[in-house]
Amino acid sequence: MSESERIIEQTERVSAHNYHPLPVVIARAEGIWAWDVDGRRYLDCISAYSSLNQGHRHPRIVAALVEQAVRLTLTSRAVYNDRMGAFLEKLCTLAGFDMALPMNTGAEGVETAIKLARKWAYRIKGVPADAAEIVVCRNNFHGRTTTIVGFSSEAQYREDFGPFTPGFKLIDFGDARALEAAIGPNTAAFLVEPIQAEAGIIMPPPGFLTAARRVCSERGVLLVLDEIQTGLGRTGRLFDWQHEDARPDVLVLGKALGGGVYPVSAVLADEPIMGLFRPGDHGSTFGGNPLAAAVAEAALDVIVEERLAERAAELGEYLMGRLRELRTRHVRDIRGRGLLIGVEIERAAGTARRFSERLLEHGVLCKDTHAQVLRLAPPLVIERSDIDWLVERLAAVL
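Note that this is a predicted model, so its numbers are computed, not measured. (Residues numbered from 1 in each chain as written. Predicted model: local features only at pLDDT ≥ 70, side-chain atom pairs only at ≥ 80, totals over all residues. Heavy atoms only, no water.)

(A) View of helix α5 (residues 106-125). With 20 residues, α5 extends 27 Å from end C-alpha to end C-alpha; this agrees with the ideal 28 Å at 1.5 Å per step. Once α5 finishes, Gly-126 follows within two positions and takes phi at roughly 85°, a positive value. (Helix = DSSP H or I, 4+ residues; strand = E, 2+ residues; numbered from the N terminus. Expected span 1.5 Å × (residues − 1).)

(B) Main features of the pattern of salt bridges. Inspection of the entire model under this criterion finds 29 salt bridges. For Glu-133, the salt bridge is made with Lys-169, and the minimal N-O distance between the two is 3.6 Å. In this pair, Glu-133 sits in strand β5 (residues 133-137) while Lys-169 sits in strand β6 (residues 168-171), placing the two residues 36 residues apart along the sequence. Overall, Glu-133 belongs to the partly exposed group, its relative accessible area being 24%. With its nearest N and O atoms 3.5 Å apart, the salt bridge here joins Arg-278 to Asp-281. (Salt bridge = Lys/Arg side-chain N within 4 Å of Asp/Glu carboxyl O. Buried < 20%, exposed > 50% of the residue type's maximum accessible area, 1.4 Å probe, protein only.)

(C) Spotlight on the packing of aromatic side chains. Using the criterion set out here, one finds five aromatic pairs in the structure. When the centroid spacing of 5.3 Å and the interplanar angle of 80° are considered together, the rings of Trp-33 and Trp-389 count as edge-to-face. Residue Trp-33 is found in strand β2 (residues 33-36), and its partner Trp-389 is found in helix α14 (residues 384-397); the two are separated by 356 residues along the sequence. Given a relative accessible area of 21%, Trp-389 falls into the partly exposed group. With centroids separated by 5.8 Å and ring planes inclined at 70°, the aromatic side chains of Phe-141 and Tyr-157 adopt a geometry described as edge-to-face. With Phe-141 in the loop between β5 and α6 (146-150) and Tyr-157 in helix α7 (residues 155-158), this pair connects stretches of sequence that are 16 residues apart. Of the two residues, Phe-141 and Tyr-157, neither departs from the other in class, the shared state being buried. One aromatic cluster is present, built from ring pairs that chain together Phe-173, Phe-190 and Phe-208. Here the basic side chain of Arg-28 rests over the ring of Trp-35, its NZ or CZ set 4.2 Å away from the ring centre. Geometry around Phe-355 places Arg-354 over its ring, the cationic atom sitting 5.3 Å from the centre. (Phe/Tyr/Trp six-rings, centres within 6.5 Å; stacked < 30°, edge-to-face > 60°. Lys NZ or Arg CZ within 6 Å of the ring centre and 35° of its normal.)

(D) Main features of the environment of Ala-182. Mapped onto the elements, Ala-182 comes out in helix α8 (residues 176-182). Sequence separation between Ala-182 and Ile-7 is 175 residues, and the spatial gap between their C-alpha atoms is 50 Å.

(E) Summary view of the pairing of strand β4 (residues 99-103). Within β4, four of the five residues are buried, which leaves it mostly tucked inside the rest of the structure. Sheet topology places β4 next to strand β10 (residues 265-269); five bridges connect them, and they run antiparallel. The residue bridging Met-99 from the neighbouring strand is Ala-269, located in β10. (Pairing = 2+ DSSP bridges.)

(F) Region of the structure containing the environment of Ala-212. Along the polypeptide, Ala-212 turns up in helix α9 (residues 208-219). A C-alpha to C-alpha distance of 37 Å links Ala-212 and Val-364, two positions 152 residues apart in sequence.

(G) Representation of the sheet that holds β2. Within the open sheet, the four strands sit side by side as β1-β2-β3-β13. Their pairing is mixed. With partners counted over all chains shown, the strands left at the sheet margins are β1 (26-30) and β13 (364-365), one partner each. In terms of strand pairing, β1 meets β2 through four bridges, oriented antiparallel. Paired with Ala-29 across the strands is Ala-34, a residue of β2.

(H) Region of the structure containing the layout of surface pockets. If you add up the space inside the second largest pocket, you get close to 690 Å³. Breaking the lining of the second largest pocket down by element, the ones donating at least two residues are α4 (84-95) and β4. Ranked by the residues each element gives to the lining of the second largest pocket, the list is headed by β4, at five residues. (1 Å grid on protein atoms, 1.4 Å probe; cavity = no way out; pocket = protein on both sides within 12 Å on 5 of 7 lines; lining within 4 Å. Points joined across faces, edges and corners; volume = space filled by probe spheres on them.)

(I) Focus on the packing of helix α12 (residues 308-325) against α14. The geometry of α12 relative to α14 is characterised by a closest axis approach of 10 Å and an angle of 25° between their N-to-C directions. Accordingly, the angle class assigned to the pair α12 and α14 is roughly parallel. Between α12 and α14 lies a crossing whose hand is right-handed. Residues Glu-314, Leu-315, Tyr-318, Leu-319, Arg-322 and Leu-323 of α12 pack against Arg-384, Ile-387, Asp-388, Leu-390, Val-391 and Leu-394 of α14. Broken down by class, the residue content of the contact of α12 with α14 amounts to eight nonpolar, no polar and four charged. (Axes fitted to C-alpha atoms, helices over the stretch in contact; angles between N-to-C directions. Parallel < 35°, antiparallel > 145°, perpendicular 65-115°, else oblique. Left-handed = near helix turned anticlockwise from the far one by under 90°. Contact = heavy atoms within 4.5 Å. Nonpolar A, V, L, I, M, F, W, Y, C, P; charged D, E, K, R; others polar.)

(J) View of the sheet that holds strand β14 (residues 367-369). As summarised here, the arrangement of the four strands in space is β11-β12-β15-β14, forming an open sheet in which the pairing is antiparallel. Every other strand in the sheet has two partners, leaving β11 (331-337) and β14 as the edge strands with one partner each. With direction set aside, neighbouring strand axes in the sheet form an average angle of 30°. Bridge analysis of strand β12 (residues 340-345) against strand β15 (residues 373-376) gives four bridges, and the strand direction is antiparallel. What sits directly across from Gly-342, in β15, is Arg-375. Sitting on the sheet, helix α13 (residues 352-361) is in contact with β12, β14 and β15, with an inclination near 45° to β15.

(K) Local environment of the side chain of His-56. Examined against the element boundaries, His-56 turns out to sit in the loop between α2 (47-50) and α3 (59-69). Given a relative accessible area of 16%, His-56 falls into the buried group. Within the local environment of His-56, its side chain forms a polar contact with the side chain of Asp-44, the two groups lying 2.7 Å apart. Not counting the four nearest positions on each side in its chain, His-56 is found in contact with Ala-29, Glu-30, Gly-31, Trp-33 and Asp-44. (Polar contact = N/O pair within 3.5 Å; in protein donor to acceptor, adjacent residues only side chain to side chain.)

(L) Up close: empty space enclosed by the protein. Overall, the coordinates contain three cavities of 30 Å³ or more when judged by the stated rule. Quantified by volume, the largest cavity comes out at close to 50 Å³. Along its surface, the largest cavity is lined by Asn-139, Asn-140, Phe-141, Ser-152, Ser-153, Glu-154, Tyr-157, Glu-198, Ala-199 and His-370. Split into classes, the residues belonging to the lining of the largest cavity amount to three nonpolar, five polar and two charged.

Put into structure tokens, the structure is as follows:
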């Protein structure tokens, strides 16, 4: 038995089987590259689902982690710490919001946004108690908590986990008319991903976010954008909503906010909304801890100073062009924005899992999603020559 096989066998024996990983054991990584326990190198096109926009172990982010870890790691919010305020001020300035509430994971961020939208509905809009509704989209992926899976349209995400929280209405993604029709007197918010990444890189029609912003403004409803995967440079702008100038009322961030070394998420809004939270309404022992704040501040500095959003725009366009040059009967569609690209495989060619496993043999880490789609999302520090190398391997496999 090889070392990889031994580790996989051990992991499968003692770990809950809630994932189906690719059969590779990663031992170290740097930049866009990862190495397995046998020393074989792979180009990482998973990026921990866009958590590694800055690349693996970016020196500035790791240095911030180490420097803070030897001084102070955790206080809880029972007292102030000397790092959270500076981090949140930088984040709010970059995003253009008055205030932020720090959490740890993306799902916690979405749960925070749901609570905030409901409180706004009761305190400001005047919705009767416990009657607030939130409009969401089919094929959404906002996390794995019981509230969130309760408004999923994916059967497996819901199976055996009910009963579920009421108060959510499902519409088709990208349908502004359906959004308008779904809004009633008790509607608090429209919660949506600008691009449905987990669903297979599903792109809305051009102008959808602008239309959603208009509808929400006209009908007195909060627009809540989940930019946990699309935000922080991934799609060629700092935030995906900037492609259409559709500023949300509430913005949810995570993943790359932690720079690939620590879980950090945040919910942003202006003071008339975020100011509704009072002491005791919401909290987290680890949310806003000094280690997280130091890491996230460094992660933001890297994104801005190394112009990673601009790189994603330029190199994403280049990668999309190279992919469209490929001549293969196995590809049904290529879609995406920036360095978030989906390659949809024809059903007759089998599932995308088959192709992701073949890519592994060619030195590429690429995960399938929704059966037929290969998701290409390398770190934003990738170079043009690396993209050429990647396309050669994709051509060989496809």
